[in-house]
Amino acid sequence: MFFIRTQGMVKRYQHGKEKTMRQTKTNDVREAIRRDFVISGNYYNQLLPAEQTLAERFGVSIITVRRAVEALVHEGLLEKRQGSRTAVVMPESVVSRRIGVMIPERQISSFYFKMGAQIANLLRCRGHQVQIFAGKDTDSRELLQFQNNSGTRLDGVIVCGYLANHRLIREQRLPYVLAGGEGWGEMDGVSFDLRSGAVKAVNCLLELGHRRIMFVSNYFEDGPHIESLRDNFLFAETARFAGYCEALRNARLQVQPELIVHGGSGKRSAYLAINRRWKSDRLGGATAIFASTDLLAEGIMQALTEHGVRIPEDISIFGCDNQLDPKDSLFPPLSTLDLRYDEVAARAVDIMLRKLDSPPEEEDMYICYYLIPKLLIRSTVAGINDSINQ
């Protein structure tokens, strides 16, 4: 059995059949309280806000809040205190476990490096020991060596992003959870729903009147997936491109090959790719660009600015991961997608501890969350008419 929890919906998969059912408001509020006040580990032995405050925060009735709190009291995560108030508690019988956290080196992915640091902090706040595995290889040799060292075996491992040999971890019969990425199928984890996020970003540009929207991928022009992209415009490795295509099709627009640019993996490669295209055909008449990462967007803005292109007056730019600090940028604050990595970290920790406290009765049962990114509209997008008037 395979559970996918998305916003407002639970999907249950078993033997190839799918059933759906609406989550109640009580379940939504219960999970929100669990996430914000329990999982974070920062509220132990502290009182929850008043019921009225929680009701206003989550946009529900006091009765719904009360039912959600009662459910968490039943789980032992909250306890009633004198005066009808409720507190977050850590049971005295908490078992300290040793949990590994696999993260890439900072220079490879600062995004996943920060997420891994947050996961480690959440685990320590909840009384557990943490073993960090940071590196650039994907064969998980360091983890294997650690496991073979008697007396220092791990109870579980959380993998940040793509840095893992999943077959090796399974061979160790080691509980593990994936934090981030775009979903790997049959495993526990929290993934970014980048396809839905891309749809939201491109829809934003479409609503502003843009019809010639360029997509800048995080692949190189001569990369192994490019032929597949040229053949059918779609491949599984990039959910962002799938969302881009979906939004255009929903608007009854064709996906134009000349509006697809492969920007590579960083600011410099994107700068060079856009510079070449500008000199070639001035971006094929694009009035907006959706970039696969914020770093690519920064390189794009640098190249266009050097050619005298104004952002957003002449062209709108949309990023994807909210990893640029507007204070450190020479360009207008970037409109982008917030991937909610704080919530990804918290949920990954919650899944791991649930697995260790109460292993599933069925081997083919998984808990997977797909989190839809949030739109952050800033200064790099404008409507077609707005741009003309300016």
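Reading the values: rules and limits
- Residues numbered from 1 in each chain as written.
- Predicted model: local features only at pLDDT ≥ 70, side-chain atom pairs only at ≥ 80, totals over all residues.
- Heavy atoms only, no water.
- Helix = DSSP H or I, 4+ residues; strand = E, 2+ residues; numbered from the N terminus.
- Buried < 20%, exposed > 50% of the residue type's maximum accessible area, 1.4 Å probe, protein only.
- Contact = heavy atoms within 4.5 Å.
- Areas by Shrake-Rupley, 256 points an atom, 1.4 Å probe, with all protein chains shown as cover.
- Expected span 1.5 Å × (residues − 1).
- Phe/Tyr/Trp six-rings, centres within 6.5 Å; stacked < 30°, edge-to-face > 60°.
- Lys NZ or Arg CZ within 6 Å of the ring centre and 35° of its normal.

Some words on the overall build of the protein
Helix and strand counts for the protein come out as 13 helices and 17 strands. Out of the 390 residues in the protein, the part that is buried amounts to 51%. In the protein, 68% of the contacts between residues at least 6 apart in sequence involve partners at least 24 apart. Carbon and sulfur atoms form 47% of the exposed surface of the protein, whose accessible area is close to 19300 Å².

Details of helix α4 (residues 110–125)
Under the 1.5 Å per step criterion, the end-to-end length of α4 is 23 Å for 16 residues, consistent within 8% with the ideal 22 Å. Within two residues after α4, G127 carries a phi angle of roughly 90°, on the positive side.

Brief notes about the packing of aromatic side chains
In the structure shown here, the tally under the stated rule is four aromatic pairs. Seen from their ring centres, F215 and Y244 are 5.2 Å apart, and the 40° between their planes marks the pair as tilted. Of this pair, F215 sits in strand β11 (residues 213–217) while Y244 is found in helix α9 (residues 239–250), placing the two residues 29 residues apart along the sequence. Feature note: the residues F215, F241, Y244 and F290 constitute an aromatic cluster, connected by ring pairs. Above the face of the Y369 ring, R347 is positioned so that its terminal group lies 4.3 Å from the ring centre.

Here's the deal with the side chain of R347
Looking at the element boundaries, R347 is found in helix α12 (residues 341–357). Leave out the neighbours within four places in its chain, and R347 touches R35, V190, Y369 and L371.

Re the environment of G180
Looking at where G180 falls in the secondary structure, it is placed in the loop between β9 (176–179) and β10 (189–192). Separated by 13 residues in the primary sequence, G180 and D193 have C-alpha atoms spaced 9.6 Å apart.

Nothing here speaks to function; it is all geometry.
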